[in-house]
Amino acid sequence: MPRYRVVVVGMGKRGVHHATAFAANPRFELVGIGSRDQKRLDAAVAKLGGVTTPGGLKAGTDARALAAELKPDVFCFCTPPGVRLPLIEIGIEAGAKLIAFEKPVAMTSAEGLAIKHALDKTGVKAVVSHQHRYGDHYQKVKSIVASGAIGKVYTVYGTATGWAAHMLSHLVDYTSWFNEYEPAEWAMGQAAGRGKLTDVHASPDYVAGVVHFRNGVRGIYDCGAGAPDVPEVPYWWRKCRIGALGTEGYAEVHTGSGWRAVTKDGVQAGPGTMDYDHDMPPYVQEMADWLDDDAKPHPLRFARAYHGLEIVSGLYRSVIEGGQIALPLAGGQDEGIDEIGGLKAKVPERKVLMPLADSAKEYKE
Ligand SMILES: NC(=O)c1ccc[n+]([C@@H]2O[C@H](COP(=O)([O-])OP(=O)(O)OC[C@H]3O[C@@H](n4cnc5c(N)ncnc54)[C@H](O)[C@@H]3O)[C@@H](O)[C@H]2O)c1
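Residues numbered from 1 in each chain as written. Predicted model: local features only at pLDDT ≥ 70, side-chain atom pairs only at ≥ 80, totals over all residues. Heavy atoms only, no water.

**Remarks on the site of the ligand**
Part 1 of the argument: For the ligand, the set of nearby residues contains 22 residues, the closest of which are R14, R84, K103, Q131 and H201.
Part 2 of the argument: R84 is positioned such that a nitrogen or oxygen atom in its side chain is 2.9 Å from an oxygen atom of the ligand.
Part 3 of the argument: In the model, a nitrogen atom of the ligand is placed 2.9 Å from a nitrogen or oxygen of the Q131 side chain.
Part 4 of the argument: Notes on the ligand: free accessible area 860 Å², of which the protein chains cover 81%.
Part 5 of the argument: A per-class count over the shell around the ligand returns six nonpolar, nine polar and seven charged. (Near = heavy atom within 4 Å. Polar contact = N/O pair within 3.5 Å; in protein donor to acceptor, adjacent residues only side chain to side chain. Areas by Shrake-Rupley, 256 points an atom, 1.4 Å probe, with all protein chains shown as cover. Nonpolar A, V, L, I, M, F, W, Y, C, P; charged D, E, K, R; others polar.)

So this is what it looks like as structure tokens:
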């Protein structure tokens, strides 16, 4: 079996997680790491320097030069959400077979569509890190929903107290998974609170909305300062409730504390929490599986994440334009817009209302 050569760029929290997971998997050879920040690079080299890379681990501050020199099979980058297309281009130029990058796909549909065009044109595979799904509690809920134990699914839902650029693509991805990635036909949403519109993870403080999927299933999303508490979960960032309602019951995962299902056989519940160390190894392994065999596409492939971006963009455009937004966005001449710019012009000045006192620590403005 070939070992796939990997370069990881961006040595923040997630870049180090990715580099560590690739280095630990015998199907990959971590050949390079990059960061613009020399201090972070030095710290990462110290952490990863002992990896079993025959040629040694190359470290550099210039991502383009590093990728051009090492020509990796896998180009991975973990940068802030506003930094996407230039790194996709670096990966493509370096001849990568697969590009792995962090959620969200992009901050605007304009950039998301440009990424899609670049990948479609070259046929380079890509995956986006919505890796929470590998949690045992997520897997359990998926298996209950897929088994038919809750009957025919008619609604999927996701709530999170964290703001949208952090959390909404996760909610959309896992609910779409519960709904077998059925295409969305329209979205309608509202937003409140301007404080996070200038954050690195630029978002309205609160966005809520509905999505209609082709199979009749309704998606309900409630993300940010106005979202309800998830009292089952103590840790604020993991207060996410993601589930499915069916004709015979429901099943839902709580990101920071397990899962619950009610079916005609009664109430079931179990433990589980989001855990990077647990979730990253299968995520990278399935990259090797896809590189080995085109017939084994990665479950977190770009096409699915891009569909999620369209849903998020649809909710934002509904705030900007009013009314329902037909999906997919790029059906005709649509080359995407700057939704964040549109939200800045539209979201009212009024401070967001917060049902959860703890949220005030995060939403100060
Ligand atoms: N999947 C998950 O569970 C999860 C969890 C946390 C964060 N994230 C996402 O991961 C991404 C990175 O988050 P993080 O917490 O690792 O951030 P971070 O701030 O810790 O690290 C970002 C890194 O990118 C580098 N960088 C910034 N601009 C760059 C540029 N123009 N070119 C090259 N490198 C640049 C920085 O120097 C830094 O090393 C974000 O999109 C975030 O939403 C995902």
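Having seen the model, we can carry on.
**Here's the deal with helix 2 (residues 38-48)**
Part 1 of the argument: All of the buried residues along helix 2 are L41, A44 and L48. Across the axial projection of helix 2, the buried residues extend over an arc of 65°, all falling on one side. Facing away from the buried surface of helix 2 by more than 90 degrees, the exposed residues are K39 and A46.
Part 2 of the argument: Buried residues along helix 2 sit against helix 1 (13-24), strand 2 (28-34) and strand 3 (58-60). (Buried < 20%, exposed > 50% of the residue type's maximum accessible area, 1.4 Å probe, protein only. Helix = DSSP H or I, 4+ residues; strand = E, 2+ residues; numbered from the N terminus. Arc of directions from axis to C-beta. Contact = heavy atoms within 4.5 Å.)

**Things to note about the sheet that holds strand 2**
Part 1 of the argument: Strands sit in the order 3-2-1-4-5-6 across an open sheet of six strands; the sheet is parallel. The sheet is open, and its two edges are formed by strand 3 and strand 6 (125-129), each paired on a single side. For this sheet, the mean inter-axis angle between neighbouring strands, taken without regard to orientation, is 20°.
Part 2 of the argument: Where strand 2 lies against strand 3, three bridges are found, and the strand directions are parallel. Each residue of the ladder has a partner; that of G32, found in strand 3, is K58.
Part 3 of the argument: Taken strand by strand, helix 8 (residues 276-292) contacts strand 1 (4-9), strand 2, strand 4 (74-77), strand 5 (98-102) and strand 6, and its axis lies near 165° from that of strand 6. (Pairing = 2+ DSSP bridges. Axes fitted to C-alpha atoms, helices over the stretch in contact; angles between N-to-C directions.)

**A few points about the pairing of strand 2**
Part 1 of the argument: The buried count for strand 2 comes to seven of seven residues, which makes it a mostly enclosed element.
Part 2 of the argument: When strand 1 meets strand 2, the two strands line up parallel, connected through six bridges. Within strand 2, the position partnered with R5 by the bridge is E29.
Part 3 of the argument: Remark: the strand 1/helix 1/strand 2 crossover connection has right-handed handedness. (Right-handed = clockwise from strand over helix to strand, strands pointing away.)

**Topic: unusual backbone geometry**
Part 1 of the argument: A cis amide bond, omega -10°, links K103 with the succeeding residue P104.
Part 2 of the argument: Here P104 lies in the loop between strand 5 and helix 5 (109-122).
Part 3 of the argument: The residue after L327, namely P328, is reached through a cis peptide bond having omega 5°.
Part 4 of the argument: On the secondary structure map, P328 appears in the loop between strand 15 (325-326) and helix 10 (339-346).
Part 5 of the argument: For K71, which is not glycine, the phi torsion reads 45° and is therefore positive.
Part 6 of the argument: Relative to the helices and strands, K71 is located in the loop between helix 3 (63-70) and strand 4.
Part 7 of the argument: Overall, K71 belongs to the exposed group, its relative accessible area being 54%.

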